[in-house]
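Coordinate inspection notes
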Amino acid sequence: MKKPISRIIIVCLLMLCMMGALIYRLGTLTIKEGEKWAQTADSRSTQTIAIKGERGRIMDRNGVVLAYSETCYNVEFLRNADNRTSYDSAVYTESLIKAIEIIERSGGQTIDTSYIVMDENGEIAYDWRISGVESSEAIERVRRIRYKNFCEAMYISIKDPAYKEYPKDPTKWNMELWPTAEYAYKYLRKTWYIPEEYTFEQAKKIISIRQEVNLNNYRAYEPITIAYNVGQEVVSEIVERSSELVGVQIAQSTTRVYPRGETAAHIVGYLSRNADTVSAAKLIAMGYTRAQLEPYYLKNDDGTYSMGDDGDYQIKMTDMGYAYSDYIGVSGLEYTMEAYLTGATNEHQGKREVEINKNLSITRELSYVEATNGNDVMSTIDIELQTVCENALGSLITKMREQEQQMIEEDAAKPEKDLKYQGKDITLASTGAIVVMDPRNGEVLASASYPSYDPNWFMQGLTKEQSEYLFGEAATDTTPLRNKAVSARYAPGSIFKPLTGVAGVSEGVVGIDEIVNDHGDSGYYYFYSVDENGKTVVQKQGAPRCWSYRNHTAHANINLTQALTFSCNYYFCEIANRMGIDTLNKWMGKFGLDTKTNIELTGETAGVGGGQKVLFDNELTDSNGELNITGQKTSLPILIYNRIRERLREYVTRRSMEIDEQAIRKCALKLMMLQDGKGLDGKGPDIRKILSDELGIPEGYSITQSWTSEIVTLLNEIQWKPTQTIRAGFGQGTTLVTPMAIARYVSAIANEGTVYDANIVERIVDQNGNLIEDKNAAVYETIGEDTAEWDALWAAVKQGMAGVVSAEDHGTAGGKFSQEFTEKYLDRIAGKTGSAQVGTTSIDIENTSWFVSYTPREGEAELVIVICVPSGYAGVWSVSAAEEIYTYYFNKQDSAAPETLVDIGGIAP
């Protein structure tokens with residue numbers, strides 16, 4: 001019995017020893033080393049790393065994907081925050097040199113964000129890369145703040161006493177005392193051990209990367225992306241050489257892919273990394289609502305809201321969750337649907353919570369919440385129809401250029417007295433647009449703009465050739481990035497005539513079947529007025545002429561339908577004269593030609609009509625209360641303003657006076673304000689007084705000169721005249737429209753009175769296919785009533801447009817279609833040609849070619865096609881592109897499987 005007791009004693013002694021050791025260790029940790037471990041605990045903290053969702057897709061109406069996010073690989077650099085010695089810095093630079101060499105060997109490129117650049121003179125300078133800021137004061141403030149942040153992050157000393165005294169007031173800093181770019185460049189080369197033999201361009205690549213690392217030092221636990229979307233060979237080599245590439249790593253990411261390349265580029269748009277401080281108005285244009293934006297309104301130091309140059313609230317996109325490296329829409333649906341597509345904002349973000357030490361190195365992961373992706377945008381376009389339209393437009397413009405070049409060559413062979421084109425700088429067809437719309441709802445089925453571009457270029461980085469194509473000298477004329485369907489305005493010419501006809505009949509100035517007869521055999525429309533003595537005066541100067549004046553008898557006695565078929569200028573001159581410009585403008589507004597169509601695309605501009613306020617508005621002032629010349633609706637006032645300034649300089653020089661440009665400018669503005677559209681009779685004394693008050697030229701002297709009449713002559717050019725009203729009746733003069741606006745105007749004729757807003761977004765769905773928003777087109781205006789009179793008017797207009805494509809009716813497009821198309825499909829369509837003269841030029845090659853049409857001719861219209869080619873010579877030249885599109889459409893329609901479903905309660909055959 002003694003043995004068990006001894007064993008128990010031994011076990012108890014062992015337990016007492018162990019407890020003693022634990023108590024001793026606990027005492028050591030809490031008493032002797034307590035302060036040390038408390039400091040360690042205090043040095044640890046948690047941080048949240050945002051996880052971004054993928055950007056949503058863009059699709060056509062049938063679900064064909066036009067833009068999507070694809071998995072890719074980026075090269076990142078993560079500096080170990082615990083390693084901050086000079087030796088570590090040298091190691092990191094050596095590692096970056098090797099990584100850059102690997103990336104560039106495979107055709108890639110690293111980030112180029114350095115604030116230190118070499119200017120055009122070969123001098124080292126700063127480029128603070130400021131964008132999205134308009135006012136000079138705001139730009140200077142941002143420049144100074146970025147200057148400060150740069151110097152502090154790079155540990156470059158600022159020897160400005162004012163900065164030390166007023167560190168939060170940039171306006172008081174003396175920037176002349178701040179480190180120069182040359183100094184900063186040499187300092188960073190030395191600090192970061194950049195090899196002496198390296199050129200500036202080589203050194204700048206390293207500076208760009210390390211600059212980003214230092215500027216983001218407050219989040220040193222997050223890596224910096226130094227190259228995007230690298231090839232698999234780069235990934236493999238960096239992984240294989242990871243031991244020598246200290247801090248360099250590969251990360252999985254996404255890139256944007258546009259599988260159709262140039263097709264529908266102006267609709268889909270492209271992306272760029274441009275998160276910045278912007279106005280709320282810009283974000284609303286990107287699809288956000290006021291309610292979404294209000295929490296992010298930026299405040300100044302004094303608590304007041306920061307307002308932009310447009311008078312709206314300022315917002316930092318980074319506060320919304322965007323990172324500077326995030327891709328954001330720049331144009332097209334990528335821009336206007338940004339709020340729906342993005343997966344980068346706070347509401348979509350997931351999070352990774354980590355523990356970090358005092359040097360901001362991650363010690364462990366605490367939690368992870370997955371992000372949600374952006375929504376998908378389904379557009380209204382049919383990508384196959386879009387492809388047909390783009391091919392037809394490209395072929396048409398190529399053919400037009402060849403025909404125009406041939407015309408010029410044939411002209412050169414003529415006798416000198418008959419030459420039309422020689423010695424003139426003639427612009428040939430090089431751009432254009434096609435819009436296809438469903439007139440039943442305003443949905444855009446296709447919208448082509450020529451020339452196009454490939455959105456993938458912006459994701460891969462523009463090559464020198466691509467940059468030249470998009471932004472070079474040739475792009476000044478072709479502007480590939482500009483969507484001509486919505487942002488370019490052209491004179492409509494004869495396609496405007498149906499509007500004039502509808503307006504004239506509805507206003508009661510002409511009857512549907514009323515015969516209009518010209519007054520002679522010259523084809524001119526002379527303006528008749530009665531002078532103060534009651535005598536009839538004929539105004540022949542500037543009188544418009546019918547295009548068919550050589551065979552004017554065909555146009556001599558015609559009604560509305562015939563006038564449209566023959567496209568008679570004289571008829572519509574008469575109707576416009578009877579109505580007046582104000583009434584014509586009213587109807588232009590009803591058809592939506594002088595407003596935006598509200599299509600969900602970037603860069604849309606509104607059309608303009610006619611009248612004094614359009615030609616020149618002397619009551620339009622700027623923020624300083626002065627006459628606003630640059631904000632006028634036409635460019636003519638700027639031209640006249642500059643001519644007046646030239647004359648004033650001549651007058652001052654003749655007086656042997658010193659030219660004061662400020663006085664010249666002020667005098668020219670005051671002279672132009674005399675033009676109120678009511679005539680300049682009796683304004684001579686006013687002109688001479690202005691010359692005296694502003695330039696010091698005595699009235700007694702100027703009255704002896706011809707100056708008053710010279711100024712009156714110039715000012716008369718910006719006075720609206722009756723002859724301009726007449727020309728407006730057939731779409732000439734100041735009238736300008738966009739192809740998209742014309743599409744909804746023609747749709748309103750085709751559907752007999754409903755003007756829709758253009759719509760190119762069908763619906764928004766989330767990543768699981770659930771409906772987020774259904775985008776239905778809005779009705780902009782309803783024209784006419786459900787009466788027999790309006791039915792008759794629409795029928796007369798549509799009959800005239802049917803006659804346009806009929807050879808039997810001698811229509812302007814009659815006989816221009818192929819025999820095969822004529823036999824199979826011509827009776828399904830109606831249309832209108834237009835050949836719009838550009839300005840006052842007499843070069844017919846530079847006319848804008850229009851052809852608008854719809855189908856079916858009878859019954860409910862379902863398709864409208866608008867074709868517009870500047871410098872396209874004549875409207876009939878655009879017929880071939882319409883034939884190509886209609887042939888595709890009718891073939892597809894006719895080959896569709898017939899409906900075989902049996903009615904409910906019916907019997908199957």
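Overview of the structure. (Residues numbered from 1 in each chain as written. Predicted model: local features only at pLDDT ≥ 70, side-chain atom pairs only at ≥ 80, totals over all residues. Heavy atoms only, no water.)

1. Focus: the overall build of the protein
The criterion, for reference: A run of H or I in DSSP counts as a helix once it spans at least four residues, and a run of E counts as a strand once it spans at least two, with each numbered from the N terminus. Only protein chains enter the area calculation, which uses a 1.4 Å probe; residues under 20% of their type maximum are buried, those over 50% are exposed, and those in between are partly exposed. For accessible areas, the Shrake-Rupley method is used with a probe of radius 1.4 Å. Any residue's cover is judged against the shown protein chains and nothing else.
When you go through the protein residue by residue, the secondary structure sums to 33 helices and 27 strands. Per-residue burial over the protein gives 49% buried out of 909 residues. Split by element, the accessible area of the protein, about 44,300 Å² in all, is 49% carbon and sulfur.

2. What about the pattern of salt bridges?
We apply this condition: Note on definitions: salt bridges are taken to be side-chain nitrogens of Lys or Arg within 4 Å of carboxyl oxygens of Asp or Glu.
Applying the stated criterion to the full structure yields 44 salt bridges. Across the pair Glu-237 and Arg-105 runs a salt bridge, and its minimum N-O distance is 2.9 Å. Separated by 132 residues along the polypeptide, Glu-237 in helix H8 (residues 232–240) and Arg-105 in helix H3 (residues 86–105) bring together distant segments of the chain. A salt bridge links Asp-617 to Lys-613; its shortest N-O distance comes to 3.0 Å. Relative accessible area serves as the criterion here: at 43%, Lys-613 is assigned to the partly exposed category. Within this structure, Glu-94, Lys-98, Glu-101, Arg-105, Glu-237, Arg-241 and Glu-244 form a network of salt bridges that share partners.

3. A closer look at the packing of helix H4 (residues 136–153) against helix H7 (residues 200–215)
This is how the line gets drawn: For helices, the fitted line uses only the C-alpha atoms of the stretch in contact; every axis is such a line through C-alpha atoms, and the angle between N-to-C directions lies from 0 to 180 degrees. In this scheme, roughly parallel covers angles under 35 degrees and roughly antiparallel covers those over 145, while 65 to 115 is roughly perpendicular and the rest are oblique. What makes two residues a contact is simply this: any of their non-hydrogen atoms within 4.5 Å. Each residue receives one of three labels: charged for Asp, Glu, Lys and Arg, nonpolar for Ala, Val, Leu, Ile, Met, Phe, Trp, Tyr, Cys and Pro, and polar for the others, Gly being one of them.
The contact between H4 and H7 brings their axes to 9 Å, and the two run at 95°. Overall, the two elements H4 and H7 adopt an arrangement that is roughly perpendicular. Contacts between H4 and H7 involve Asn-149, Phe-150 and Ala-153 from the first element and Gln-211, Asn-214 and Leu-215 from the second. For the contact of H4 with H7, a count of residues per class yields three nonpolar, three polar and no charged.

4. Observations concerning the nonpolar core
As a reminder, the rule being used: Take the buried Ala, Val, Leu, Ile, Met, Phe, Trp, Tyr and Cys residues and link them wherever side-chain atoms come within 4.5 Å; each set so joined is a nonpolar core.
Grouped together as the largest cluster of nonpolar side chains are 96 residues, with contacts concentrated most on Tyr-571, Phe-591 and Ile-742. In terms of residue count, helix H30 (residues 739–750) provides more of this core than any other element does, nine residues in total. Ile-742 has contacts with Ile-495, Leu-593, Val-737, Trp-850, Val-852 and Val-866, leaving out every residue within four places of it along the chain. If you look at the next biggest cluster of nonpolar residues, it comprises 46 residues, including Ile-111, Ile-124, Ile-158 and Ala-184.

5. Section: the packing of helix H14 (residues 383–412) against helix H33 (residues 879–895)
Definition in use: In this scheme, a crossing is called left-handed if the near helix is turned counterclockwise away from the far one by less than a right angle; it is called right-handed if the turn is clockwise.
Running from amino to carboxyl end, H14 crosses H33 at an angle of 155°, the nearest separation of the two axes being 9 Å. Taken together, the axis directions place H14 and H33 in an arrangement best described as roughly antiparallel. In this structure, H14 meets H33 at a crossing whose hand is right-handed. Contacts between H14 and H33 involve Glu-384, Leu-385, Val-388, Cys-389, Asn-391, Ala-392, Leu-396 and Lys-399 from the first element and Ser-880, Ala-881, Glu-884, Ile-885 and Tyr-888 from the second. Across the contact of H14 with H33, the residue classes tally to eight nonpolar, two polar and three charged.

6. Remarks on the packing of aromatic side chains
Here is the rule: Each aromatic pair joins two rings of Phe, Tyr and Trp (for Trp, the six-membered one) with centres within 6.5 Å, and gets the label stacked for planes under 30 degrees apart, edge-to-face for over 60, and tilted for any other angle. Two conditions define a charge sitting above a ring: the NZ of Lys or the CZ of Arg must be within 6 Å of the ring centre, and it must be within 35 degrees of the ring normal.
Overall, the coordinates contain 34 aromatic pairs when judged by the stated rule. Plain terms: the ring middles of Tyr-115 and Phe-150 are 5.9 Å apart, the flat faces sit at 65° to each other, and that makes the pair edge-to-face. Remark: Phe-150 occurs in helix H4 and Tyr-115 occurs in the loop between H3 and strand S4 (116–118); sequence separation between them is 35 residues. Classification of Tyr-115 as buried rests on a relative accessible area of 12%. Residue class for Phe-150 comes out buried when judged on its relative accessible area of 0%. Chaining the aromatic ring pairs together yields one cluster made of Tyr-115, Tyr-126, Trp-128, Tyr-147, Phe-150, Tyr-163, Trp-173 and Trp-178. Positioned above the aromatic ring of Tyr-166 is the side chain of Lys-172, whose terminal nitrogen or guanidinium carbon lies 5.2 Å from the ring centre. The cationic tip of Arg-744 hangs over the ring face of Tyr-780; the distance from NZ or CZ to the ring centre is 4.3 Å.

7. Observations concerning the environment of Thr-602
For clarity, the threshold we go by: Pairing of N or O atoms within 3.5 Å defines a polar contact, subject to two protein rules: one partner must be a possible hydrogen donor and the other a possible acceptor, and residues neighboring in sequence count only if both atoms are side-chain atoms.
Note that Thr-602 resides in the loop between helix H22 (581–590) and helix H23 (612–615). Residues Thr-602 and Thr-336 lie 266 residues apart in sequence; the distance between their C-alpha atoms is 6.9 Å. Other than its neighbours up to four places away in sequence, Thr-602 contacts Val-330, Ser-331, Gly-332, Tyr-335, Thr-336 and Val-486. One polar contact links the side chain of Thr-602 to the main-chain amide nitrogen of Gly-332, over a distance of 3.0 Å.

8. Let's talk about H33
Let me state the cut-off plainly: In this analysis, the expected span of each helix is defined as 1.5 Å times one less than the number of residues it contains.
Its 17 residues place the ends of H33 24 Å apart at the C-alpha level, agreeing with the 24 Å of an ideal helix rising 1.5 Å per residue. All buried positions along H33 are accounted for by Val-879, Ala-881, Ala-882, Glu-883, Ile-885, Tyr-886, Tyr-889 and Phe-890. Turning to H33, the residues buried within the fold contact H14, strand S15 (432–438), helix H32 (819–824), strand S26 (848–855) and strand S27 (863–869).

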